[in-house]
There are 2 protein chains.
Amino acid sequence: MIVIKLGGSVISDKNVPYSFNREVLENIAEEISQFYPKESFILVHGGGSFGHPNARKYKIREGLTGDVKGKRIGFSKTHQAMLKLNDLIIQTFLEKGLPAYSISSSSIFLIEKGEIVYGELEVLRKLLEKGFIPVLFGDTAVALDKGIDILSGDQIVCYLAKMFKPSKVVFLMDVDGIYTKNPKEEGAELIKELTKEGIEHLLESSESAGIDVTGGIGNKLKKALEIAHYSDVYFINGKVKENLGKAIRGEKVGTRIKV
Amino acid sequence: MIVIKLGGSVISDKNVPYSFNREVLENIAEEISQFYPKESFILVHGGGSFGHPNARKYKIREGLTGDVKGKRIGFSKTHQAMLKLNDLIIQTFLEKGLPAYSISSSSIFLIEKGEIVYGELEVLRKLLEKGFIPVLFGDTAVALDKGIDILSGDQIVCYLAKMFKPSKVVFLMDVDGIYTKNPKEEGAELIKELTKEGIEHLLESSESAGIDVTGGIGNKLKKALEIAHYSDVYFINGKVKENLGKAIRGEKVGTRIKV
């Protein structure tokens, strides 16, 4: 099994509200088609310009405080916006003949301190058994501590990796992988293989790249470290054709985590 | 707690694909507003002209047989169509200030012989605790026997009623309640109170009304009989203003089940 995280910045232009990179998604679907059904997949996508503006507008991360009535409405609106992005992705995969099937993350997960503390995975298991490609997404979620919160796609990937022990976990980003510093800065170099010590060093000297409301690259690396004990973990540029195929075949591409 | 079933024929014109009775839904939302948040609610809606044409086209009820690849695609397309109807309902409730929150039925239920045999309700419980109005819907679902199948809204209502023992369960239909025979036939009379024996008699002399792919009125009555042991059950015309309020207040309206 392979778990693929479709980063929000890959599927959508974060600066253009409700934008969808259809061509990028079509390429990704075509690459997956080369391996499915021999290989099974779970996909998890981020919020892009559907999720983040709503999450910010309604201050979901602050929890169920202040204008509680308004918060509840905003919480639901944010989920509905995520379902719209999810629909675009599902439809793109279906058109390419892949049996993607939507699972609403907020219907099966409960979180605390931003981390999943409860997940109902039986339906997901059965969908895999029946040959489907379950598609989950970063979402609003009920939080045991704050009432409501944002559940990031990276959290979901980490949780699923722990539960299913996939052979590979591939993070699709809009840069070529993990860099020695913020890739927008001069002198930033792509790290082709990253060890446990390398990640710890990066985290210390961190703020390595842009931060978004779901945590940014620092959290991603912490998660990668947890996952890398049982899965091959790749960070690749999801906008570059054939990159995903290379990662699935175990070829050199992007950043590979070695622990 | 009150569980309300919004029948497909109330929210949508079954003869007009993808039609939505916005005004009817607005009236229903306004009536619920008079009782929420003092009273808590779970809503379940049917497929109307979003669900049934897709379910039929892709022969979902036949299970994962024949053109299995095509079946998987159709299964997912039918779910996505249901999510579109669900979005229209959620948005209507949000506009009326009610914190409706979508739960994807197929993310939490597994079925066998058309009946729910496994349900993950923890998120739903927490949503209720936090003051939300969970909204579920008739949906495609993974089936332990046939691989895939249709899960009717009535099945969901029955399951939730058993689990939550609501004070009332109200079925909104496009006729005034349960009749002595098919309400389209001459001489059909509305039954104001229906006993266990009355239901058994009706079921025997049945085919009392039109049949749809999710079972029709016969199954509805069997479900009502199961539920009526712990909840007040009403069948009312959801298109008539103020009917829902009357049922919630326990006034005489439509058909009330007495066991």
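Remember, it's a predicted structure, so these values are computed and weren't measured experimentally.

## Points about the UniProt feature "binding site: substrate" (unreviewed entry) in chain A
All names here are of chain A.
Here comes step 1: Here, UniProt's "binding site: substrate" (unreviewed entry) annotation points to G47, H52 and G153. Sequence-wise these annotated residues cover 107 residues; spatially they are packed, their C-alpha atoms never more than 12.1 Å apart.
Here comes step 2: Apart from the residues lying within four places of it in its own chain, the contact partners of G47 are G8, H52, M82 and L85.
Here comes step 3: Relative to the helices and strands, G153 resides in helix α7 (residues 153-164).
Here comes step 4: Residue G153 is classed as buried on the basis of its relative accessible area, which comes to 5%.
Here comes step 5: Leave out the neighbours within four places in its chain, and G153 touches K5, V44 and G138.

## Some points on a nonpolar patch on the surface
Residue and element names in this part refer to chain A.
Here comes step 1: On the surface, V117, Y118 and L144 cluster together to form a nonpolar patch covering roughly 230 Å² of accessible area.
Here comes step 2: Locating L144 in the fold gives a position in the loop between β7 (139-143) and β8 (147-151).
Here comes step 3: For L144, a relative accessible area of 38% translates into the label partly exposed.

## Quick look at the interface of chain A and chain B
Here comes step 1: Taken together, the 45 residues of chain A in the interface contact 45 residues of chain B.
Here comes step 2: Of all residues in chain A, Y101, V123 and K130 of chain A give up the largest surface area on contact with chain B, accounting jointly for 18% of the area buried on that side.
Here comes step 3: Salt-bridge contacts for D87 of chain A lead to K84 of chain B; the nearest nitrogen and oxygen are separated by 3.1 Å.
Here comes step 4: In this structure, the connection of chain A to chain B is made through 15 residue pairs in polar contact (both at pLDDT 80 or more).
Here comes step 5: Counting residues per element, the ones that place at least two in the side of chain A that touches chain B are α4 (68-95), β3 (100-102), α5 (105-108), β4 (109-112), α6 (122-129), β7 and β8 of chain A.
Here comes step 6: By residue number, the principal contributor to the side of chain A that touches chain B is α4 of chain A, which donates 13 residues.
Here comes step 7: Among the residues making up the side of chain A that touches chain B, the classes are represented as 24 nonpolar, 12 polar and nine charged.

## Focus on the relation of the copies chain A and chain B
Between the two copies of this chain, the relationship is a rotation about some axis together with a displacement along it.
Here comes step 1: The two copies are related by a screw operation: chain A maps onto chain B through 180° of rotation and 0.0 Å of translation along the axis, at an RMSD of 0.0 Å. In symmetry terms, the pair is related by a two-fold rotation axis.
Here comes step 2: A shared interface surface links the copies, since 100% of the contact residues of chain A are contact residues in chain B too.

## Things to note about the pairing of strand β6 (residues 133-137) of chain A
Residues and elements named next belong to chain A.
Here comes step 1: The element β6 is extensively covered by neighbouring structure, given that five of its five residues are classed as buried.
Here comes step 2: Burial along β6 is two-sided: I133, V135 and F137 and P134 and L136, pointing in opposite directions, are all buried.
Here comes step 3: With three bridges connecting them, strand β2 (residues 41-45) and β6 associate as parallel partners. What sits directly across from V44, in β6, is L136.
Here comes step 4: Across three bridges, β3 lies against β6 in parallel orientation.

## A short note on the pattern of salt bridges
Here comes step 1: Inspection of every chain in the model, using the stated rule, returns 30 salt bridges over all chains.
Here comes step 2: The salt bridge involving E129 of chain B is made with K126 of chain B; its shortest N-O contact spans 3.7 Å. Taken together, the residues span about one helical turn, with E129 of chain B and K126 of chain B both in helix α6 (residues 122-129) at a distance of three residues.
Here comes step 3: Connected through shared salt-bridge partners, E115, K162, K223 and E226 of chain A make up one network.

## Describing the packing of aromatic side chains
Here comes step 1: In the structure shown here, the tally under the stated rule is 12 aromatic pairs over all chains.
Here comes step 2: With a centroid separation of 4.9 Å and 25° between ring planes, the pair formed by F75 of chain A and Y101 of chain B is classed as stacked. Residue F75 of chain A is found in helix α4, and its partner Y101 of chain B is found in strand β3 (residues 100-102); the two belong to separate chains. The pair F75 of chain A / Y101 of chain B is uniform in exposure class, with both members buried.
Here comes step 3: Centroid distance Y101 of chain A to F132 of chain A: 5.9 Å. Interplanar angle 65°. Geometry classified as edge-to-face. Taken together, the residues Y101 of chain A in strand β3 and F132 of chain A in the loop between α6 and β6 connect sequence positions 31 residues apart.
Here comes step 4: Judged by relative accessible area, Y101 of chain A falls into the buried class, the value being 1%.
Here comes step 5: Aromatic ring contacts, followed pair by pair, group F75 of chain A together with Y101 and F132 of chain B into a single cluster.

## Notes on the packing of helix α3 (residues 48-57) of chain B against helix α4 (residues 68-95) of chain B
Residues and elements named next belong to chain B.
Here comes step 1: Put simply, α3 and α4 touch, their axes get as near as 8 Å, and they point 175° apart. Taken together, the axis directions place α3 and α4 in an arrangement best described as roughly antiparallel. In contact with F50, G51, N54 and A55 of α3, α4 contributes T78, A81, M82, K84, L85 and L88.
Here comes step 2: Residues that form the contact of α3 with α4 fall into these classes: six nonpolar, three polar and one charged.

## Quick word on the pairing of β2 of chain A
Here comes step 1: The buried fraction of β2 of chain A amounts to five of the five residues, a majority that puts the element mostly inside the structure.
Here comes step 2: Side chains F41, L43 and H45 of chain A of β2 of chain A all project onto a buried face; the interleaved residues I42 and V44 of chain A project onto the opposite face, where all are buried too.

## Notes on empty space enclosed by the protein
All names here are of chain B.
Here comes step 1: In total, this model carries two cavities of 30 Å³ or more according to the counting rule given.
Here comes step 2: Taken as a whole, the second largest cavity spans an internal volume of roughly 40 Å³.
Here comes step 3: Looking at the second largest cavity, the residues that line it are V24, N27, I28, E31, L172, N237, G238, V240, K241 and L244.
Here comes step 4: Considering each element in turn, the lining of the second largest cavity owes the most residues, four residues, to helix α2 (residues 22-33).
Here comes step 5: Grouping the amino acids of the lining of the second largest cavity by side-chain chemistry returns five nonpolar, three polar and two charged.

## Quick look at the nonpolar core
Here comes step 1: Ranked by size, the top nonpolar core spans 104 residues in total, and within it F109, L136 and L160 of chain A together with F109, L136 and L160 of chain B carry the most contacts.
Here comes step 2: Non-local contacts of L160 of chain A, meaning those with residues more than four positions away in its chain, are made with I42, V44, F109, L121, L124, L136, K165 and P166 of chain A.
Here comes step 3: Judged by nonpolar contacts, the second largest core, of 74 residues, contains F41 of chain A together with I2, L98 and V253 of chain B.

## A short note on the sheet that holds β2 of chain A
By definition, the strands of a sheet pair up through backbone hydrogen bonds, in either a parallel or an antiparallel sense.
Residues and elements named next belong to chain A.
Here comes step 1: Strands sit in the order β3-β6-β2-β1-β9-β11-β12-β10 across an open sheet of eight strands; the sheet is mixed. The sheet is open, and its two edges are formed by β3 and β10 (193-195), each paired on a single side. Going from strand to strand, the sheet's axes swing by 25° on average, the running direction of each strand aside.
Here comes step 2: Here helix α8 (residues 196-204) sits on the sheet and contacts β10 and β12 (255-258); the angle it forms with β10, its principal contact strand, is near 85°.

What counts as what
Residues numbered from 1 in each chain as written. Chains lettered and ligands numbered in written order. Predicted model: local features only at pLDDT ≥ 70, side-chain atom pairs only at ≥ 80, totals over all residues. Heavy atoms only, no water. UniProt positions renumbered as here; feature names shortened; annotations may be inferred. Contact = heavy atoms within 4.5 Å. Helix = DSSP H or I, 4+ residues; strand = E, 2+ residues; numbered from the N terminus. Buried < 20%, exposed > 50% of the residue type's maximum accessible area, 1.4 Å probe, protein only. Patch = residues over 30% accessible without salt bridge, like charges linked within 9 Å, V, L, I, M, F, W, Y side chains within 5 Å. Areas by Shrake-Rupley, 256 points an atom, 1.4 Å probe, with all protein chains shown as cover. Salt bridge = Lys/Arg side-chain N within 4 Å of Asp/Glu carboxyl O. Buried area = accessible area lost by both parts, 1.4 Å probe. Polar contact = N/O pair within 3.5 Å; in protein donor to acceptor, adjacent residues only side chain to side chain. Nonpolar A, V, L, I, M, F, W, Y, C, P; charged D, E, K, R; others polar. Least-squares fit on C-alpha atoms with pLDDT ≥ 70 in both. Pairing = 2+ DSSP bridges. Phe/Tyr/Trp six-rings, centres within 6.5 Å; stacked < 30°, edge-to-face > 60°. Axes fitted to C-alpha atoms, helices over the stretch in contact; angles between N-to-C directions. Parallel < 35°, antiparallel > 145°, perpendicular 65-115°, else oblique. 1 Å grid on protein atoms, 1.4 Å probe; cavity = no way out; pocket = protein on both sides within 12 Å on 5 of 7 lines; lining within 4 Å. Points joined across faces, edges and corners; volume = space filled by probe spheres on them. Core = buried A, V, L, I, M, F, W, Y, C linked by side-chain atoms within 4.5 Å.

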